[in-house]
Every structure is written in structure tokens, then in C-alpha cells.
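# A structural walkthrough
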Amino acid sequence: MGIFLSFKMALQSIASNKVRSLLTMLGIIIGVLSVIVMVNIVTSAAMGMREWMDQMDPNVIELYVNRQSTTTRRVTPEDVEQVVKDNPDVLTFASPLVQGNATIKNENRNMNGRIYGTTPGYGLMKGNSLANGDFFTDNDVKNRGNVAVIGEYVRQKLFGNRNPVGQQIRISGEVFTVVGLLEQKREELSEWGDDARIIIPYTRAQRLLKNNRIDEYYVGTTDPKKSSEAVNLVKALFSKVYQTDNAVWVYNQAEDMQQLNEEINSMSLLAAAIAGISLLVGGIGIMNIMLVTVTERTREIGIRKAVGAKMRTILTQFLIESAVISCIGGCIGIALGIVGSEFATMAIGYDSVPIVDQLPVIMASFGFSAIVGIFFGFYPAFKAARMRPIDALRFE
């Protein structure tokens, strides 16, 4: 009996027991559905995390000064800058940060914005590239210059589509000259997003915002692998001045990125484990039903063997039947998985993975479902093939 005839008989057998066949496929359907949905959720979440990670700078560490220190002495930006100069192989820059809100105006347009007082080193950080103009200089910091670098949201609010570089704005009533425009960071502009920043020299920001305390620093490293060494160097300065080991809280972006990668890998392993268990359960279901099928068709097997059917023919027929059931279940699972993954990623707030990028998972799921059908269908098929004709014909 040819392969084509075996396929035809397998489809006839499935069609004659529709409900049982559907219940047999259910395990495979759920397994493949789980594979596609879980992989898409993990992939979508990983894409979202990596998109966020791409905006981080692994060469930068953030320091937050502990306000509970009892000493009257304070670490100055010059102190931190000296540590940078003394360790050029580890550190590249140190920028203090003074923040506050203010009203910004240009002619008849105005807005409430976030002021960032810092140094030119801040412009070296990833995500602070300029679309136009230049960053202010160390002389501007030294002379408390009235110069500003603005984000795209600020430009659109105050200047429309005009080039703001060289134009003047008023911050809390004081005139500032715009010297640079930051590249747009977000597709959707927001009043409180990164594109709404107004960056000025920290020495000017201290007077403008009436805030002489500096509780935050950005420190650049020459290599993410040296971030721990950089942290120790700067923490040593703060610990010495404030006479406590808890003088600063450190946020290390390189370590955070590593942790996120580990979490993504853990999520992938969990998804693979859940999907694997689902397919295993589906395979066991196929084996159970095929054993029942062999028992029900014992007399048919006996007649076929009595008229000359070879053991290989019987084995092939039942293996094909098992594989067909599994593959049909796999196709249904793929269709449901594609639809389900759309809703699942939408529910968790991530972008759906394009169908083109899902093809490897879809093909692997289909192939695995066929392998499961053949693997778990082999024992029932072998049992049918090795029956003695006389025993099969006597079976009631």
C-alpha cells in the first residue's frame, strides 16, 4: 500500500471519529498555541526592554547624595572633577545635576518646563546628541552664562518649526540664548518626557532655582567593565567627606542592563519549559487514543495481515495516522497562536511581533508537533504491526 493511500485512510479514520480526533488534537493545539503565544510575549517584552536599554548608556553611573549626612562639609563638583582628572584610565567626565521647574517664554508663547543645570560633560552621554547647534562650554559654566540647550518638545512649543539656535527665550523672566537643539528621543512628544528638557549651566541653575545643594551626579566611565572600579573611586571621595559608607546611592546602568538580559533569558527558558510540557501532554494524549484505535481495529489488522499485508505496511499506516492527527492539531494551534499572541501582547502593553519574525517559531512548532505525533504514535503502531493474524482475527 502506497503512502498516498495511507494518508487517505488516515483522513478517513479521522473524519469518521470527529469528536475523538478533535479531543486527541486538543493537547497538540494547546501545546503549539502555548509555544507561539509564550514566545511572542517573551520576544515582545524583550523588544520593549531592549528598546528601553538602547536609550541607556552603559558607560554612565548615577550618584545620589544621601541628605541624612550630619557633616556640614559638602562634596563640590570640583572635588568630583579632580577624581576624574586623577583617574583618566577609568573616568571620562563628572557632571553635577541641579533640577527644578520654571516658566519658559518666547514672544507670546509660554510653557512650564523642567530645568537641568549641569556641565558640558552631560552632552557626552548617550541620548544627548545635538540635532543643531552646540553644547555650552566650560567658560559658560564658569561665568554663569545665560545659555540653554533645549529639547524638541520645547522647540515645537516655543518656536514651531523654526530653528531655535541663536534665538532667545525667557526662563523665570531671565533672558537666555538657545545655543543647541537636542535630537528627538521619543516618537510621541510629552510635556514631561526627555524631549521637554531645558539644559543650562549648573552654576546659573543654582541661582535661577535658588538651590545651592547638588544631590545628583552623572559620572562617565571609559569602559562598562570598569564601572565597578569607577563606583569605588567616586564613593571613596563621598565616604571620606561625609564620614560614612552610605554617603551616596549608586545606580549603575551597565549592571542594570546585565540584569535585564538575565531576566530576558530566564523568561525565555520559562516559556520553553511551559510550551514543552504542553506538547508532552499532547503527545501522551495521542498515544492513548492511538492505543484505543489499535484495539478497536484489531480485526481489521488481522484481516489485512491474513491477506498479505507486511508488518512495515501496518506500521507505516498507523504512524501516518498519528502524524496527520498531530499535524492538523499543529496547524490549528498555529492559527490560534497567531491570533492569541496579538491579543496577549496588546494586553501587556507591548508591540506585537511581526508575522515575518514569527515564521521560525511557527515552522519549529509545526515540525515539533509532527515529531511528537510520530514519536508517541510509534508504540501503538508497533503494537499493531507485530500482531499475529490469528490472534487478531479471534479478537472480540
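Just so we're clear, the structure is a prediction, and the values are computed from it rather than from any experiment. (Residues numbered from 1 in each chain as written. Predicted model: local features only at pLDDT ≥ 70, side-chain atom pairs only at ≥ 80, totals over all residues. Heavy atoms only, no water.)

### Some remarks on helix H5 (residues 152-159)
Counting buried residues in H5 gives six out of eight residues, a clear majority hidden from the surface. Buried residues of H5: Glu 152, Tyr 153, Val 154, Arg 155, Leu 158 and Phe 159, and no others. Taken together, the buried residues of H5 touch strand E3 (98-106), strand E4 (109-118), strand E6 (147-150), strand E7 (168-171), strand E8 (174-182) and strand E9 (197-201). Of the residues flanking the end of H5, it is Gly 160, one or two places downstream, whose phi is positive at about 65°. (Buried < 20%, exposed > 50% of the residue type's maximum accessible area, 1.4 Å probe, protein only. Helix = DSSP H or I, 4+ residues; strand = E, 2+ residues; numbered from the N terminus. Contact = heavy atoms within 4.5 Å.)

### Observations concerning the pairing of strand E1 (residues 60-65)
Within E1, five of the six residues are buried, which leaves the element mostly enclosed by the surrounding structure. Sheet topology places E1 next to strand E10 (residues 216-221); five bridges connect them, and they run antiparallel. The partner of Ile 61 across the bridge, within E10, is Val 219. Pairing of E1 with strand E11 (residues 248-252), which is carried by five bridges, proceeds in the antiparallel orientation. (Pairing = 2+ DSSP bridges.)

### What to know about the packing of aromatic side chains
Where two aromatic rings form a pair, the distance of their centres and the angle of their planes describe that pair. According to the stated counting rule, one finds six aromatic pairs in the structure shown. When the ring of Tyr 122 is compared with that of Tyr 218, the centres are 5.7 Å apart and the planes differ by 70°; the resulting orientation is edge-to-face. A residue pair is termed long-range when its members are at least 10 positions apart, and Tyr 122 in the loop between E4 and strand E5 (130-133) and Tyr 218 in strand E10 qualify at 96 residues. Of the two residues examined, Tyr 122 and Tyr 218, each falls in the buried class. Centre to centre, the rings of Phe 135 and Phe 136 are 4.9 Å apart; their planes meet at 45°, and the pair counts as tilted. Cluster of aromatic residues (ring-pair linked, three or more members): Tyr 116, Tyr 122 and Tyr 218. (Phe/Tyr/Trp six-rings, centres within 6.5 Å; stacked < 30°, edge-to-face > 60°.)

### Here's the deal with the sheet that holds strand E2 (residues 91-96)
Spatially, the four strands line up as an open sheet ordered E2-E10-E1-E11, and their pairing is antiparallel. A strand with exactly one partner marks an edge of an open sheet, and here the two such strands are E2 and E11. Averaged over all pairs of adjacent strands, the angle between strand axes in this sheet comes to 20°, irrespective of strand direction. Bridge analysis of E2 against E10 gives five bridges, and the strand direction is antiparallel. (Axes fitted to C-alpha atoms, helices over the stretch in contact; angles between N-to-C directions.)

### Here's the deal with the side chain of Thr 119
Topologically, Thr 119 is positioned in the loop between E4 and E5. A polar contact of 2.6 Å, which involves the side chain of Thr 119, links it to the side chain of Ser 95. Ignoring any residue separated from it by four or fewer positions in sequence, one finds Thr 119 in contact with Ala 94, Ser 95, Pro 96, Phe 135, Phe 136, Val 141 and Tyr 202. (Polar contact = N/O pair within 3.5 Å; in protein donor to acceptor, adjacent residues only side chain to side chain.)

### Remarks on the nonpolar core
Core analysis: the largest hydrophobic core is formed by 58 residues, its most contacted members being Ile 169, Ile 171, Ile 198, Ile 200 and Phe 238. No other element matches the seven residues that helix H7 (residues 227-242) contributes to this core. Discounting residues that sit within four places of it in the chain, Ile 171 has contacts with Ala 102, Thr 103, Ile 104, Ile 115, Phe 176, Ile 198, Ile 200 and Leu 208. Membership of the second largest hydrophobic core comes to 19 residues, among which are Leu 279, Phe 318, Val 324 and Val 372. (Core = buried A, V, L, I, M, F, W, Y, C linked by side-chain atoms within 4.5 Å.)

### Description of a nonpolar patch on the surface
A contiguous nonpolar patch, built from Val 19, Leu 23, Leu 26 and Ile 30 and spanning about 390 Å² of accessible area, is present on the exposed surface. The topology assignment puts Ile 30 in helix H2 (residues 18-54). Take Ile 30: its relative accessible area is 41%, and that puts it in the partly exposed class. (Patch = residues over 30% accessible without salt bridge, like charges linked within 9 Å, V, L, I, M, F, W, Y side chains within 5 Å. Areas by Shrake-Rupley, 256 points an atom, 1.4 Å probe, with all protein chains shown as cover. Salt bridge = Lys/Arg side-chain N within 4 Å of Asp/Glu carboxyl O.)

### Considerations on the pairing of E8
Bridge count between E5 and E8: three bridges; the pairing is antiparallel. Bridging across to E8, Asn 132 finds its partner in Leu 181. Bridge analysis of E6 against E8 gives four bridges, and the strand direction is parallel. Note on E8: the bridge partner recorded for Val 147 is Thr 177.

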